[in-house]
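An overview of the molecular structure
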Amino acid sequence: MRILITEFSAAAGIFRFIVLFIVFIAVLVLAFYFTKWYANSGLVKKGYGNIKIIESYQLAPGKIIYIVKIGSRLVSIMTSKDNIVKLAELSEGDLEFKETELNNTSFKDVMGQMISNRKMKDDDKKDGK
């Protein structure tokens, strides 16, 4: 009789595990489709492209300077934990736009360059430099 009870409780435990696993998968699938529906529903405010962050620079933890393009105007602002301050209006002649080389390179090339730079730094540390 005791063997029958332990086998039954093992089977019940396996059955509970399978049911919980199915419920878990169902919750994940429902969450996926709900977030997809919510993003496409229009309830999320979508931008129209009139505000763009051109560049940001962190001065200290929680204090960041932004260059923002609002419409056709460029404005520099500083944000902190408590407030936002407009610093100055800028013209495009005041800014230097540098082209990045990452636009024409592949991920494999960038990772290879990062690994080789890391190996060079490690070799320099081993040599005592």
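Below or above, wherever it landed, is the structure these notes cover. (Residues numbered from 1 in each chain as written. Predicted model: local features only at pLDDT ≥ 70, side-chain atom pairs only at ≥ 80, totals over all residues. Heavy atoms only, no water.)

Taken in spatial order, the 4 strands of this open sheet run β1-β2-β3-β4, and their pairing is antiparallel. The open sheet has two edge strands, β1 (51-60) and β4 (84-90), and neither has a second partner. Neighbour-to-neighbour, the strand axes of this sheet turn through a mean angle of 20°, independent of strand direction. With 7 bridges connecting them, strand β2 (residues 63-70) and strand β3 (residues 73-79) associate as antiparallel partners. Across the sheet, residue Val68 finds its bridge partner in β3, namely Val75. (Pairing = 2+ DSSP bridges. Helix = DSSP H or I, 4+ residues; strand = E, 2+ residues; numbered from the N terminus. Axes fitted to C-alpha atoms, helices over the stretch in contact; angles between N-to-C directions.)

A few words on the packing of aromatic side chains. Counted by the stated rule, this structure contains 4 aromatic pairs. Residues Phe17 and Phe21 carry aromatic rings whose centres are separated by 6.3 Å and whose planes lie at 25° to one another, so their mutual orientation is stacked. Placement of the pair is Phe17 and Phe21 together in helix α1 (residues 2-40), with a separation of 4 residues, close to one helical turn. The class for Phe17 is exposed, based on a relative accessible area of 58%. Ring centres of Phe32 and Tyr33 lie 5.1 Å apart, and the angle between their planes is 75°; on these two criteria the pair is classed as edge-to-face. Taken together, Phe34, Trp37 and Tyr38 form an aromatic cluster joined through their ring pairs. (Phe/Tyr/Trp six-rings, centres within 6.5 Å; stacked < 30°, edge-to-face > 60°. Buried < 20%, exposed > 50% of the residue type's maximum accessible area, 1.4 Å probe, protein only.)

With that settled, consider a nonpolar patch on the surface. Where nonpolar side chains cluster on the molecular surface, the patch consists of Ile14, Phe17, Ile18, Phe21, Ile22, Phe24, Ile25, Leu28, Val29, Phe32 and Tyr33 and spans about 1100 Å² of accessible area. Here Val29 lies in helix α1. Val29 gets classed as partly exposed once you look at its relative accessible area, which sits at 40%. (Patch = residues over 30% accessible without salt bridge, like charges linked within 9 Å, V, L, I, M, F, W, Y side chains within 5 Å. Areas by Shrake-Rupley, 256 points an atom, 1.4 Å probe, with all protein chains shown as cover. Salt bridge = Lys/Arg side-chain N within 4 Å of Asp/Glu carboxyl O.)

To continue, consider the pattern of salt bridges. Applying the stated rule across the entire model yields 3 salt bridges. Across the pair Glu89 and Arg73 runs a salt bridge, and its minimum N-O distance is 2.6 Å. Of the two residues, Glu89 is situated in strand β4 and Arg73 in strand β3; the sequence distance between them amounts to 16 residues. Owing to a relative accessible area of 44%, Glu89 belongs among the partly exposed residues under this scheme.

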